[in-house]
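# Chain and residue survey
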Protein chains: 4
Amino acid sequence: MSADHTIYQKQGFGATMPPKPPYGLLIVDFINGFADPGRFGGGNIHAAIECTRGLLAEARSRKWPVVHTRVVYQDDGADANIFALKVPTILSLHEAAEGSQIVPQLQPVGGELVLRKTNPSAFFGTSLASWLSQRSVQTLLIAGCTTSGCVRASVVDAMCHGFRPLVVTDCVGDRSLQAHDANLFDMNQKYATLMFRDDALDATAAFEAQLS
Amino acid sequence: MSADHTIYQKQGFGATMPPKPPYGLLIVDFINGFADPGRFGGGNIHAAIECTRGLLAEARSRKWPVVHTRVVYQDDGADANIFALKVPTILSLHEAAEGSQIVPQLQPVGGELVLRKTNPSAFFGTSLASWLSQRSVQTLLIAGCTTSGCVRASVVDAMCHGFRPLVVTDCVGDRSLQAHDANLFDMNQKYATLMFRDDALDATAAFEAQLS
Amino acid sequence: MSADHTIYQKQGFGATMPPKPPYGLLIVDFINGFADPGRFGGGNIHAAIECTRGLLAEARSRKWPVVHTRVVYQDDGADANIFALKVPTILSLHEAAEGSQIVPQLQPVGGELVLRKTNPSAFFGTSLASWLSQRSVQTLLIAGCTTSGCVRASVVDAMCHGFRPLVVTDCVGDRSLQAHDANLFDMNQKYATLMFRDDALDATAAFEAQLS
Amino acid sequence: MSADHTIYQKQGFGATMPPKPPYGLLIVDFINGFADPGRFGGGNIHAAIECTRGLLAEARSRKWPVVHTRVVYQDDGADANIFALKVPTILSLHEAAEGSQIVPQLQPVGGELVLRKTNPSAFFGTSLASWLSQRSVQTLLIAGCTTSGCVRASVVDAMCHGFRPLVVTDCVGDRSLQAHDANLFDMNQKYATLMFRDDALDATAAFEAQLS
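Residues numbered from 1 in each chain as written. Chains lettered and ligands numbered in written order. Predicted model: local features only at pLDDT ≥ 70, side-chain atom pairs only at ≥ 80, totals over all residues.

Each helix and strand counted, chain A has 8 helices and 6 strands in total. The C-alpha radius of gyration of chain A comes to 17 Å, within 12% of the 17 Å expected for a compact globule of 212 residues. Across its three principal directions, the C-alpha atoms of chain A cover 50 × 45 × 30 Å. Put simply, of all contacts in chain A between residues at least 6 apart along the chain, 77% involve residues at least 24 apart. (Helix = DSSP H or I, 4+ residues; strand = E, 2+ residues; numbered from the N terminus. Rg over C-alpha atoms; globule rule 2.2 N^0.38 Å. Contact = placed C-beta atoms within 7 Å.)

A few words on the interface of chain A and chain B. In this assembly, 39 residues from chain A lie in contact with 39 residues from chain B. Contributing elements (two or more residues each) for the side of chain A that touches chain B: α1 (3-11), α4 (82-86), α6 (147-160) and α7 (177-190) of chain A. Along the lines of polarity and charge, the residues of the side of chain A that touches chain B split into 19 nonpolar, 13 polar and 7 charged. (Nonpolar A, V, L, I, M, F, W, Y, C, P; charged D, E, K, R; others polar.)

Here is a general trend for soluble globular proteins: nonpolar side chains tend to be buried in one another's company. The biggest cluster of nonpolar side chains holds 277 residues, and the ones touching the most others in it are I142 of chain A, I142 of chain B, I142 of chain C together with I142 of chain D. Aside from chain neighbours lying at most four places away, what touches I142 of chain B is L26, V28, V151, S154, V155, P165, L166, V167, V168 and V172 of chain B. (Core = buried A, V, L, I, M, F, W, Y, C linked by C-beta atoms within 7 Å. Buried ≥ 20, exposed ≤ 12 C-beta atoms within 10 Å, placed from the backbone.)

For the rest of this paragraph, the subject is helix α6 (residues 147-160) of chain C. The terminal C-alpha atoms of α6 of chain C lie 18 Å apart, and with 14 residues this matches the ideal 20 Å at 1.5 Å per residue to within 8%. Directly after α6 of chain C, the chain includes G162 of chain C, whose backbone phi takes a positive value near 100°. (Expected span 1.5 Å × (residues − 1).)

Once that is clear, we can look at the pairing of strand β3 (residues 113-117) of chain C. Regular strands place side chains that alternate from one sheet face to the opposite one. Residues and elements named next belong to chain C. Side chains of β3 alternate between two faces, with L113, L115 and K117 buried and V114 and R116 left unburied. In this structure, strand β2 (residues 66-71) lies alongside β3, joined through 5 bridges in parallel fashion. Within the sheet, the bridge partner assigned to T69 lies in β3 and is L115. (Pairing = 2+ DSSP bridges.)

What follows covers the relation of the copies chain A and chain C. Rotating chain A by 180° and translating it 0.0 Å along the rotation axis places it on chain C, where the RMSD comes to 0.0 Å. Look at the turn and shift together and you get a two-fold axis relating the two. Mapped onto chain C, 100% of the interface residues of chain A are again interface residues, and the two copies thus contact each other with one and the same surface. (Least-squares fit on C-alpha atoms with pLDDT ≥ 70 in both.)

All names here are of chain A. Strand order in the open sheet formed by 6 strands is β3-β2-β1-β4-β5-β6, and the pairing between neighbours is parallel. Both outer strands of the open sheet, β3 (113-117) and β6 (193-195), are each paired with one neighbouring strand and no more. Taken over all neighbouring pairs, the strand axes of this sheet differ in orientation by 25° on average, direction set aside. Against the sheet, α6 touches β1 (23-28), β4 (139-145) and β5 (164-173), its axis set at about 165° to β4. (Axes fitted to C-alpha atoms, helices over the stretch in contact; angles between N-to-C directions.)

Looking now at the relation of the copies chain A and chain B. When chain A is fitted onto chain B, the two copies agree to an RMSD of 0.0 Å after a turn of 180° and an axial shift of 0.0 Å. The residues that chain A uses at the interface reappear at the interface of chain B in 100% of cases, marking a shared surface.

Residues and elements named next belong to chain B. With respect to burial, strand β5 (residues 164-173) is a largely interior element, 9 of its 10 residues being buried. Inspection of the sheet shows strand β4 (residues 139-145) paired to β5 by 6 bridges, in the parallel sense. In the sheet register, G144 faces β5, and the bridge partner there is V172. Handedness of the β4-helix α6 (residues 147-160)-β5 crossover: right-handed. Where the polypeptide runs from β5 across helix α7 (residues 177-190) and back to strand β6 (residues 193-195), its parallel neighbour, the crossover connection is right-handed. (Right-handed = clockwise from strand over helix to strand, strands pointing away.)

A separate point is the sheet that holds strand β1 (residues 23-28) of chain D. All names here are of chain D. Reading across the sheet, the 6 strands line up as β3-β2-β1-β4-β5-β6 and stay open at both edges, with parallel pairing between neighbours. What marks the edges here is a single partner per strand, and that holds for β3 (113-117) and β6 (193-195). With direction set aside, neighbouring strand axes in the sheet form an average angle of 25°. As judged from the 6 bridges shared by β1 and strand β4 (residues 139-145), these two strands associate in the parallel manner. Residue I27 lies in a different strand from β4, and its bridge partner there is A143. Strands β1, β2 (66-71), β4 and β5 (164-173) of the sheet are contacted by helix α3 (residues 45-61), whose axis makes an angle of about 130° with β5.

Tallying the contact residues gives 11 residues for chain A and 11 residues for chain C. Of the residues assigned to the side of chain A that touches chain C, the class counts are 4 nonpolar, 7 polar and no charged.

Examined against the element boundaries, T89 of chain D turns out to sit in the loop between α4 (82-86) and β3. C-alpha of T89 of chain D to C-alpha of H46 of chain D: the two residues are 43 residues apart in sequence and 21 Å apart in space. In contact with T89 of chain D, not counting residues within four places along its chain, are Q11 and G12 of chain C.

When the pLDDT values of chain A are averaged, the result is 96; 98% of them are 70 or greater. Across the interfaces of the predicted complex, the ipTM metric reaches 0.96, alongside a pTM of 0.97. (pLDDT = per-residue confidence, 0-100.)

Bringing unusual backbone geometry into the picture now. The omega angle of the peptide bond from C145 of chain A to T146 of chain A is -10°, so this bond is cis rather than trans. One can find T146 of chain A in the loop between β4 and α6. Along the chain, P21 of chain D connects to P22 of chain D via a cis peptide bond; the corresponding omega equals 0°. Mapped onto the elements of the fold, P22 of chain D is located in the loop between α1 (3-11) and β1. Phi angles above zero are rare outside glycine, and K63 of chain C is one such case at about 60°. Topologically, K63 of chain C is positioned in the loop between α3 (45-61) and β2.

A word on the packing of α6 of chain C against helix α7 (residues 177-190) of chain C. The description of two packed helices rests on the angle between their axes and on the distance between the axes. Residues and elements named next belong to chain C. Put simply, α6 and α7 touch, their axes get as near as 10 Å, and they point 15° apart. With respect to their mutual orientation, α6 and α7 come out roughly parallel. You can see that α6 and α7 cross each other, and the crossing is right-handed. Touching T147, S148, R152 and V155 of α6 are A179, H180, N183, L184 and M187, all from α7. Within the contact of α6 with α7, the residues separate by chemical class into 4 nonpolar, 4 polar and 1 charged. (Parallel < 35°, antiparallel > 145°, perpendicular 65-115°, else oblique. Left-handed = near helix turned anticlockwise from the far one by under 90°.)

Attention now moves to the environment of E208 of chain C. Within the fold, E208 of chain C resides in helix α8 (residues 197-211). When the C-alpha positions of E208 of chain C and F123 of chain C are compared, they lie 26 Å apart, and in sequence the two are 85 residues distant.

Right, let's get into the environment of D170 of chain A. By secondary structure assignment, the location of D170 of chain A is in strand β5. Between the C-alpha atom of D170 of chain A and that of G144 of chain A, which follows or precedes it by 26 residues, the distance is 9.7 Å.

The following block contains the structure:
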């Protein structure tokens, strides 16, 4: 255990937070622009998309509420925000842009919430928290990209809004593996439970079974 | 330049975002409990507190709006939240607890906003954004701790709420220097301008001078 | 039925929204300053406070999550907001002020959430929505004052946050009976279910019984 | 003066709040569905739309930030919320629906913010407050419909977010004139400045002139 792990443990961080049903699934920004290393993609994002296919299929089979997010700015850029000052290329993602469409592997189906967003967190400037509350969600499984950007921001906000974040580690990806790892470390210590997909599916099934 | 820097630059991240007046100063959680390595402190937090003394003095002299935050839970823990599930020791910080008081070096004075919070971001569950908007703040200088926790969460939210975050790098600290560095990297690429204190004071003065 | 009722009905407003468990109880601003006709009280507020005693007792006996709000500004008025521009006398309500304490009849007990607020809605600038979500609340019973002010604002926000508002009509009061009635009309058409206290207690019990 | 006016005045409500530049203009839900008395319209809504033409023209000429809102639910109703439980017909307003398009008289032009919303307040679940803050707006002129619904909810939230609401009384309308009047009364006492269009344009020009 590193010196860093030691101080976190000594100060009381990183407690275990078991999944609690009902569950929901949030898939953050798996859109064409982030799947493409030539635009906003790269690193382990492609692998995360492929891994999320099975997660989404299982979420649907278990009838969990499912949410997808897309980055969408106005065609004329009238809603350019501070984020767009730091990352001006992000303004290329507008309603009809190919880069702003959800990847073919993870197309939404009827009854799933599809949110437009212009900030890192899927909760900011959207009705996501309300939608999850209305469905009594207690634990939110999170897939998507990037780990160090919109995933982390959504995890922090999920926690603030009263939901237990469960980061599915092989279903989140980042253009930088170093940033991916550093942010998983932070989230594990302070904000979320981290599990591989198959473990997450097993654990959530086990807790659901206890209820019935 | 590392491979990571290269991909961020190529994709359009990390643009320069100059400070724009009016300014405000946010000091995040410089309370006794986070100043003490035996409780939630350590790393470079003590140095950051000392550096912030001069920043706060200058902010007052320039008549910037100043905000301090404290972590405060209800005495009976009735407001225990998801954050407290991950970090149960945080519940020791309540209204009258010594650990929840602002450090002696940075005591608030009349007219400064002092916010109680129970989540990482200084904006969540508070009226901070409204208070800054009412004062026309455009750029928010940010000091405090921890860099990888409440500072970063506040930076992301500052940006979402329409304010340019300016992280004063020698006035923010973390129990883990590795987490400190990793989070400064992320914030620089995506969310904020980073400057040492003296550079920040120079730059903000220069932009203010242009206006008069 | 008045002409107004007719157009609302014809356009599809005012649908029936049955209470759905789990329940929670929100008591808005039953503090000394609003109980006193010489300060912010009057009208049917006193009667509403008396009626709320039985509601609170029953909520505790059923182990519902209970929330109380108080209006509290900083001692130095540093957090004076737009509301305080329209109602400058409101700044007299600060942490230790007698007017800002909850009325003796409805004192909170351990485990109940007590929120400070400076805006009409109990949700704005507080963590109320998160707290209710974490407890899976689906229907929020609302008592308090004033019907045309903080109660209505809280009802609108409860709905936006995904909770079914149930206004307990004899447990909400206003300094103006005309404003009381006009706002009950609006809430009934667009935002909430309205019931007298005893009907609300019967109805919620009936729906809870269906579940067990 | 009525007895009601007297108690409000005696308790310190209804203070004068002069417009303070910079200004912005919010036009709430002037969409075909609310212009049509056969769907959600009626009362004085048509007159308010006509009056808003001159207001919008002047706002553009003065280069104020301008915002329009539309009610838009997902095509499949996956985002049906509590509001839609009370007003089920509202779900007919989706992206391509004729009823959800802004009225021909008030078509947005490039650079104006156009927001989709599913709740009464133009601020809830949108980035409106952030957009106004980024533009330093201090006073928000508000036109639209309905006075007793989405206008009032937006006024309350504008105030909470730190903006001075200026309700342009001949540019807001309601299907019920009684509800229109009752809500203007409440807003005047507690939340907003009320002015006729021509007075508002004169007053805002006068305050702007003081600055230059």
